[in-house]
Amino acid sequence: MEKLIAHIQDLSPVSDEEIGLIQKAFQEKKLAKKEFILKAGDVSQHMRFIDSGALRTYYLDEEGKEFVQSFGIEGWWLNDLYSYLSQSPATQFIQATEPSVIFQIHRDRLEELFKEVPSMERFFRIKMQSAYQAAQHKNLQVKIESAEERYADFRQRYPQLEQRFPQYMIASYLGLTPEHLSYIRRKALK
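Basis of the calculations
Residues numbered from 1 in each chain as written. Predicted model: local features only at pLDDT ≥ 70, side-chain atom pairs only at ≥ 80, totals over all residues. Heavy atoms only, no water. Helix = DSSP H or I, 4+ residues; strand = E, 2+ residues; numbered from the N terminus. Rg over C-alpha atoms; globule rule 2.2 N^0.38 Å. Buried < 20%, exposed > 50% of the residue type's maximum accessible area, 1.4 Å probe, protein only. Pairing = 2+ DSSP bridges. Axes fitted to C-alpha atoms, helices over the stretch in contact; angles between N-to-C directions. Parallel < 35°, antiparallel > 145°, perpendicular 65-115°, else oblique. Contact = heavy atoms within 4.5 Å. Nonpolar A, V, L, I, M, F, W, Y, C, P; charged D, E, K, R; others polar. Salt bridge = Lys/Arg side-chain N within 4 Å of Asp/Glu carboxyl O.

S.K.: Please clarify how the overall build of the chain should be interpreted in this entry.
M.R.: Secondary structure assignment for the chain yields 8 helices and 7 strands. In terms of C-alpha radius of gyration, the chain reaches 18 Å, essentially the compact-globule figure of 16 Å for 190 residues. Oriented by its inertia axes, the alpha-carbon framework of the chain measures out at about 55 × 35 × 30 Å. Counting every position in the chain, which comprises 190 residues, the buried fraction comes to 42%.

And the structure:
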């Protein structure tokens, strides 16, 4: 749980006593490759921090085609935030793409933790703001940037992801076909 505590300390310092309360509040969960921690139709009840491994969120269209919404690796948070915040059925699946370990906290327990460790409320406010900014950036990118620009931005922002996720998932995240992404990659290497 050292990564989680260090991550929290980076944004909102906590005392040793508060660290103990945080450690008791979060539960460790181990995931096998391809295991789901959330499926469309379920209501997201947990905030989840990735300690090790890699996960993705995606949704399916009416024909069953996958659209990758986001990726997560060590030190990142991953969730269907709309489902979590609205307590409505999730539209996304969250799946481990390699064996993973997460630390999660149930929403009711998190509300209690906010009272016990007030700086956690500040921490999650900052995390929610960052998540909103990332979602807005991605939404705007798809509308105004070319495929080449989206790929270049992805590589610059997330250089560690390209080696962790298959090309078809990255293509889906960027709104491209795998063939189009291959073409862009070949062109970029010239």
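S.K.: Teacher, can you tell me more about the environment of methionine 169 here?
M.R.: You can see methionine 169 is positioned in helix α7 (residues 167-174). Methionine 169 sits 73 residues away from alanine 96 along the chain, and the two C-alpha atoms are 13 Å apart.

S.K.: Help me out: how do you make sense of the sheet that holds strand β2 (residues 36-38) in this one?
M.R.: Strands in a sheet are paired, the pairing made by backbone hydrogen bonds, and the direction either parallel or antiparallel. Taken in spatial order, the 4 strands of this open sheet run β2-β6-β4-β5, and their pairing is antiparallel. Unpaired on one side and paired on the other, β2 and β5 (66-73) mark the two borders of the sheet. Taken pair by pair, the neighbouring strands of this sheet meet at an average axis angle of 25 degrees, ignoring direction. Examined bridge by bridge, strand β4 (residues 54-60) and β5 share 7 bridges and lie antiparallel to one another. Residue pairing for β5: threonine 57 is matched across the bridge by serine 70.

S.K.: Would you mind going over the packing of helix α1 (residues 2-11) against helix α5 (residues 119-144) with me for this structure?
M.R.: The relative placement of two packed helices is expressed as an angle between their axes plus a distance between the axes. Where α1 contacts α5, the two axes come as close as 9 Å, and the packing angle between them is 85 degrees. Our classification of the angle between α1 and α5 gives roughly perpendicular. Listed contacts from α5 to His7, Ile8 and Leu11 of α1 are Met120, Arg122, Phe123, Ile126 and Lys127. Taken together, the residues of the contact of α1 with α5 break down into 5 nonpolar, 1 polar and 2 charged.

S.K.: Teacher, can you tell me more about the pattern of salt bridges here?
M.R.: Between side chains of opposite charge, a pair can form when the charged atoms approach closely. Scanning all chains against the criterion turns up 10 salt bridges. As a salt-bridge pair, arginine 56 and glutamate 66 come within 2.7 Å of each other at their nearest N and O atoms. Note that arginine 56 is positioned in strand β4 and glutamate 66 in strand β5, a separation of 10 residues in sequence. Put simply, Glu74, Glu98 and Arg164 are held in one network by salt bridges that share partners.

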